[in-house]
Amino acid sequence: MITRLQTNPSIIVAGHRGWKSAYPENTLLSFQRAIELGVDMLEFDLRFSKDKVVMVIHDQTVDRTTNGTGKVSDLTCAELKQLDAGGWFGKVYEGLKIPTFEELCELLASYPDVLLNVEIKPSPDAKEVADASIAILEKYDFIPRCIFTCFDAEVLAYIHDTYQLKTQGFPGELMSNYVPGEDGTISKMWAVGISMKLLTPQLVQDYERQGVLPWCYCPDTEQQVFYAIGSGSLLMTVNNPEPAIQIRKLIERKG
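Rules and cut-offs
- Residues numbered from 1 in each chain as written.
- Predicted model: local features only at pLDDT ≥ 70, side-chain atom pairs only at ≥ 80, totals over all residues.
- Heavy atoms only, no water.
- Helix = DSSP H or I, 4+ residues; strand = E, 2+ residues; numbered from the N terminus.
- Rg over C-alpha atoms; globule rule 2.2 N^0.38 Å.
- Contact = heavy atoms within 4.5 Å.
- Areas by Shrake-Rupley, 256 points an atom, 1.4 Å probe, with all protein chains shown as cover.
- Lys, Arg positive; Asp, Glu negative; His and termini not counted.
- Charge placed at Lys NZ, Arg CZ, Asp CG, Glu CD.
- Buried < 20%, exposed > 50% of the residue type's maximum accessible area, 1.4 Å probe, protein only.
- Pairing = 2+ DSSP bridges.
- Right-handed = clockwise from strand over helix to strand, strands pointing away.
- Polar contact = N/O pair within 3.5 Å; in protein donor to acceptor, adjacent residues only side chain to side chain.
- Axes fitted to C-alpha atoms, helices over the stretch in contact; angles between N-to-C directions.
- Parallel < 35°, antiparallel > 145°, perpendicular 65-115°, else oblique.
- Left-handed = near helix turned anticlockwise from the far one by under 90°.
- Nonpolar A, V, L, I, M, F, W, Y, C, P; charged D, E, K, R; others polar.
- Salt bridge = Lys/Arg side-chain N within 4 Å of Asp/Glu carboxyl O.

Regarding the overall build of the protein chain
Looking only at helices and strands, the protein chain features 8 helices and 9 strands. Taking 18 Å as the expected radius of gyration for a compact globule of 255 residues, we find that the protein chain reaches 18 Å, a close match to that expectation. In the protein chain, 57% of the contacts between residues at least 6 apart in sequence involve partners at least 24 apart. Entry remark: accessible area of the protein chain is about 11300 Å², with carbon and sulfur atoms responsible for 51%. If the 24 positive side-chain charges of the protein chain are averaged to one point and the 34 negative ones to another, these points end up 4 Å apart.

Examining the environment of Phe31
Along the chain, Phe31 falls in helix 1 (residues 28-37). Phe31 has contacts with Arg17, Gly18, Asn26, Leu42, Glu43, Phe44, Val56, Leu104 and Leu107, leaving out every residue within four places of it along the chain.

A few points about the pairing of strand 8 (residues 213-217)
The buried fraction of strand 8 is high, at 4 of 5 residues. For strand 7 (residues 191-195) and strand 8, the ladder comprises 5 bridges, and the chain directions are parallel. Across the sheet, Val192 pairs through a bridge with Pro214, a residue of strand 8. In terms of handedness, the path from strand 7 via helix 6 (residues 201-209) over to strand 8 forms a crossover that is right-handed. Bridge count between strand 8 and strand 9 (residues 235-238): 2 bridges; the pairing is parallel. Looking at the pairing, Tyr217 lines up with Thr237 of strand 9. With respect to chirality, the unit in which strand 8 leads through helix 7 (residues 222-231) into the neighbouring parallel strand 9 is right-handed.

As for the side chain of Arg248
Note that Arg248 resides in helix 8 (residues 242-254). Reaching out from Arg248, the side chain makes a polar contact with the backbone oxygen of Ile11 at a distance of 3.1 Å.

Observations regarding the environment of Pro99
Mapped onto the secondary structure, Pro99 falls in the loop between helix 2 (77-81) and helix 3 (101-108). For Pro99 and Cys77, which are 22 residues apart along the polypeptide, the C-alpha to C-alpha distance reads 9.6 Å. For Pro99, the residues in contact, after removing those within four places along its chain, are Asn26, Thr27, Leu28, Met55, Val56 and Lys81.

Section: the packing of helix 7 against helix 8
For the pair helix 7 and helix 8, interaxial distance at closest approach is 9 Å and the crossing angle is 60 degrees. Relative to helix 8, helix 7 is oriented oblique. You can see that helix 7 and helix 8 cross each other, and the crossing is right-handed. Residues Glu222, Val225, Phe226 and Ile229 of helix 7 lie in contact with helix 8, whose contacting residues are Pro243, Ala244, Ile247 and Ile251. Tallied by class, residues from the contact of helix 7 with helix 8 come to 7 nonpolar, no polar and 1 charged.

Some thoughts on helix 5 (residues 153-163)
Inspection of helix 5 places Ala153, Val155, Leu156, Ala157 and Ile159 among the buried residues, and these make up the whole buried set. Two or three places before Glu154, at the start of helix 5, stands the capping residue Asp152, its side-chain oxygen 2.9 Å from that residue's backbone nitrogen. Directly beyond the C-terminal end of helix 5, a positive phi value near 55 degrees is found at Gln164.

So, the packing of helix 1 against helix 3
Following both chains from N to C, one finds helix 1 and helix 3 inclined at 25 degrees, their axes separated by 11 Å at the closest point. In terms of orientation, helix 1 lies roughly parallel with respect to helix 3. Helix-helix and strand crossings are classified by hand; for helix 1 and helix 3 the assignment is right-handed. Of helix 3, the residues touching helix 1 (which contributes Leu28, Phe31, Gln32 and Ile35) are Glu103, Leu104, Leu107 and Leu108. In the contact of helix 1 with helix 3, the residues fall into 6 nonpolar, 1 polar and 1 charged.

Regarding the pattern of salt bridges
Under the defined criterion, the tally for this structure stands at 15 salt bridges. Among the salt bridges present, the one from Asp59 reaches Arg64, with a minimum N-O distance of 2.8 Å. Arg64 gets classed as partly exposed once you look at its relative accessible area, which sits at 36%. One salt bridge in this structure joins Lys188 and Asp161, with 3.0 Å as the shortest N-O distance. With Lys188 in the loop between strand 6 (167-169) and strand 7 and Asp161 in helix 5, the pair connects residues that are 27 residues apart, well separated along the chain. Given a relative accessible area of 41%, Asp161 falls into the partly exposed group. In this structure, a network of salt bridges that share partners links the residues Arg17, Glu25, Asp45, Asp59, Arg64, Glu119 and Lys121.

Here's what the structure looks like:
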């Protein structure tokens, strides 16, 4: 399924941590609402709890997105589940929980066409997190829907070499353990994520010449979406999916 993006002629919208601008990020509600809005792909972040349960959370600590404190890796799944992961975003969202990856997969089972950008967060045990996450995805038969992302080039290479899976990296200056040269990290990358600060038509063309799909993040306004299109980057990971989806509908109507 993910391979269809190689020949995709239209805008592809990926929800960054779900619908991050409108709902508490990386919660099942955020993912559900993004799917209902019409995103093609979900991007989410994975790391281990203390007892090595794969959890869906971005930060190394729970401080920003819950009512708790401390490192995710210092708390068990049960302890993480006691935290409120919604109230920080607004009182109406109090009671939302940090999902386990299994819980997210249960939700995704009802939406077989939604693609998945699986980001493994850099950490000392990131390769082990990748192993556990891939095992869960294999159990649900989701692997054909997935691309794997990491800012640690060593972890990206591990996923590519060990599992022969498709990966998304980033420009070398943004990655740790990046190996330069045509046989280095770039050779492990199926796609590249380019921030709006770095996105130019020239950079897009450079990656295309190297056989790497040039994706971008995060064009969240109409102006940014049109700039991304003009630069040649049609897959957009966005905090707010509405502008990209509306512009796609407009383009499709015009034929």
